[in-house]
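Spelled out from the first residue to the last, the chains are:
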Amino acid sequence: MKKMALTLLCVAALSACTATTPELEPLPGSPTYGENASSRKTRAAPGTMIQNRFLHKGSMVFETYEVQPDHTYKLVRRSVADTWPPGD
């Protein structure tokens, strides 16, 4: 009985890990900000990861885009540094 409960707990934990995250919206400075997704295309191979960084409201923003099969960009990750330059 304990093994079954542990198995169910593990399955529940793993299913929570695979839950989809909400779509990230582009910020001013993002390559796809203010554009229709189909208007920005690249020659890069599908699955290629493209890095972007820019200042937004005094914070440094780091973004990662994945090239889709139709050669458009999909924003998959973003991190923000609290202040830029460091030490301010």
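No experiment lies behind these values; they were computed from the predicted model shown.

### Thoughts on the pairing of strand β2 (residues 59-67)
The buried fraction of β2 amounts to seven of the nine residues, a majority that puts the element mostly inside the structure. The pairing of strand β1 (residues 49-56) with β2 spans eight bridges and is antiparallel. Bridge pairing links His 56 to Ser 59 in β2. The antiparallel hairpin formed by β1 and β2 contains two residues in its connecting segment, where Lys 57 sits at a positive phi of about 55°. In terms of strand pairing, β2 meets strand β3 (residues 73-81) through eight bridges, oriented antiparallel. Looking at β3, one finds that Met 60 is bridged to Ala 81. The hairpin formed by β2 and β3 contains five residues between the paired strands, and His 71 there has a positive phi angle of roughly 70°.

### Comments concerning the sheet that holds β3
Sheet architecture is open: three strands sit in the order β1-β2-β3, paired in antiparallel fashion. Looking at the sheet topology across the chains shown, the edges are occupied by β1 and β3. Here the strands of the sheet are splayed against their neighbours by 20° on average, with no regard to which way each runs.

### Overview of the side chain of Thr 72
With respect to the helices and strands, the residue Thr 72 is situated in the loop between β2 and β3. Within the structure, the side chain of Thr 72 is placed 2.6 Å from the side chain of Asp 70, a separation counted as a polar contact.

About the criteria used
- Residues numbered from 1 in each chain as written.
- Predicted model: local features only at pLDDT ≥ 70, side-chain atom pairs only at ≥ 80, totals over all residues.
- Heavy atoms only, no water.
- Buried < 20%, exposed > 50% of the residue type's maximum accessible area, 1.4 Å probe, protein only.
- Helix = DSSP H or I, 4+ residues; strand = E, 2+ residues; numbered from the N terminus.
- Pairing = 2+ DSSP bridges.
- Axes fitted to C-alpha atoms, helices over the stretch in contact; angles between N-to-C directions.
- Polar contact = N/O pair within 3.5 Å; in protein donor to acceptor, adjacent residues only side chain to side chain.

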